[in-house]
Amino acid sequence: DQQVKQNSPSLSVQEGRISILNCDYTNSMFDYFLWYKKYPAEGPTFLISISSIKDKNEDGRFTVFLNKSAKHLSLHIVPSQPGDSAVYFCAANPPVGSARQLTFGSGTQLTVLP
Amino acid sequence: ETGVTQTPRHLVMGMTNKKSLKCEQHLGHNAMYWYKQSAKKPLELMFVYSLEERVENNSVPSRFSPECPNSSHLFLHLHTLQPEDSALYLCASSQESPLATNEKLFFGSGTQLSVL
């Protein structure tokens, strides 16, 4: 059973517009969430993270929002650029005392059209 | 060279071959991981090593055999693989395992494996 779900396998957005990537999770004990970005033929690279004690974290064009009651997080990219075209993975970290291995979603392929 | 380095980048092997994937991290981390990425699927954790001791083995078939001779090097030995084992195999490292809060994994570029 997937504990972290990215229900949209792909998303296309026009350059300059907002990209919104969504992620849902089932385990309310997750306390730290990360987004990774992956280009073809490269490994995933860390993009941005958020702790469960916050509801928003911003880094330049990238903002992650966390809604704990809905067990939902989203990544906003504004403005979107063609170089943002990649697969984005959501990941969640369990709390201290558990196995504490990151659990990943299946990824969303973002395509930013020029 | 910095970060996490994996070799080879691409590997094609027959079902009767024996091959090895190599990973080296230059970050001074104590934990190393093997992940499998198949198309449209979540990254699957295969093995975790912390201070050269295997701490997790996620029900991986015995045709995959990991080896961690020191905290900087990790190998994945492959033998009698099946076509469904074709995937991208990613190595990662972190300072510690289990991960501390606010810690993250650093990934290599992966080995794209094709089993014929």
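Preceding this paragraph is the structure being described.
Values in this document were obtained by computation on a predicted structure and should not be read as measured data.

Cut-offs and rules
- Residues numbered from 1 in each chain as written.
- Chains lettered and ligands numbered in written order.
- Predicted model: local features only at pLDDT ≥ 70, side-chain atom pairs only at ≥ 80, totals over all residues.
- Heavy atoms only, no water.
- Pairing = 2+ DSSP bridges.
- Helix = DSSP H or I, 4+ residues; strand = E, 2+ residues; numbered from the N terminus.
- Disulfide = S-S within 2.5 Å.
- Buried < 20%, exposed > 50% of the residue type's maximum accessible area, 1.4 Å probe, protein only.

Trainee: Quick question: what am I supposed to make of the sheet that holds strand 3 (residues 19–25) of chain A here?
Mentor: Strands pair in a sheet through their backbones, by hydrogen bonds, and they do so in one of two ways: parallel or antiparallel. All names here are of chain A. A sheet is described by the order of its strands in space; here five strands give the open sequence 1-3-8-7-6, paired in antiparallel fashion. Looking at the sheet topology across the chains shown, the edges are occupied by strand 1 (4–5) and strand 6 (56–59). Summarising the sheet, strand 6 and strand 7 (residues 62–67) pair through four bridges and their orientation is antiparallel. Residue pairing for strand 7: Lys56 is matched across the bridge by Phe65.

Trainee: Would you explain unusual backbone geometry in this entry?
Mentor: Leaving glycine out, the prevailing phi sign among residues is negative, and the prevailing peptide bond configuration is trans. Put simply, Val78 of chain A and Pro79 of chain A share a cis peptide bond, and its omega is -10°. For Pro79 of chain A, the location among the structural elements is in the loop between strand 8 (72–77) and strand 9 (86–93). A cis geometry characterises the amide bond from Thr7 of chain B onward to Pro8 of chain B, with omega recorded as -10°. Residue position: Pro8 of chain B is located in the loop between strand 1 (4–7) and strand 2 (10–13). For Ala41 of chain A, which is not glycine, the phi torsion reads 65° and is therefore positive. Its place among the elements puts Ala41 of chain A in the loop between strand 4 (32–38) and strand 5 (45–51). Phi at Lys71 of chain A is positive, roughly 55°, even though this residue is not glycine. Positionally, Lys71 of chain A belongs in the loop between strand 7 and strand 8.

Trainee: How do you make sense of the state of the cysteines when you look at a structure like this?
Mentor: Each disulfide consists of one covalent bond between the sulfur atoms belonging to two cysteines. Here the structure, examined in full by the defined rule, presents two disulfides over all chains. Here Cys23 of chain A connects covalently by a disulfide to Cys90 of chain A, the sulfurs 2.0 Å from one another. Disulfide Cys23 of chain A-Cys90 of chain A: the torsion about the S-S bond is -75°, which places it as left-handed. Here Cys23 of chain A is found in strand 3, whereas its partner Cys90 of chain A is found in strand 9, with 67 residues between them in sequence. Overall, the relative accessible area of 0% leaves Cys23 of chain A in the buried class. In this structure Cys90 of chain A comes out as buried when scored by relative accessible area, which is 0%. The disulfide bridge from Cys23 of chain B ends at Cys91 of chain B, spanning 1.9 Å between sulfur atoms. Given an S-S torsion of about -75°, the disulfide between Cys23 of chain B and Cys91 of chain B has left-handed geometry.

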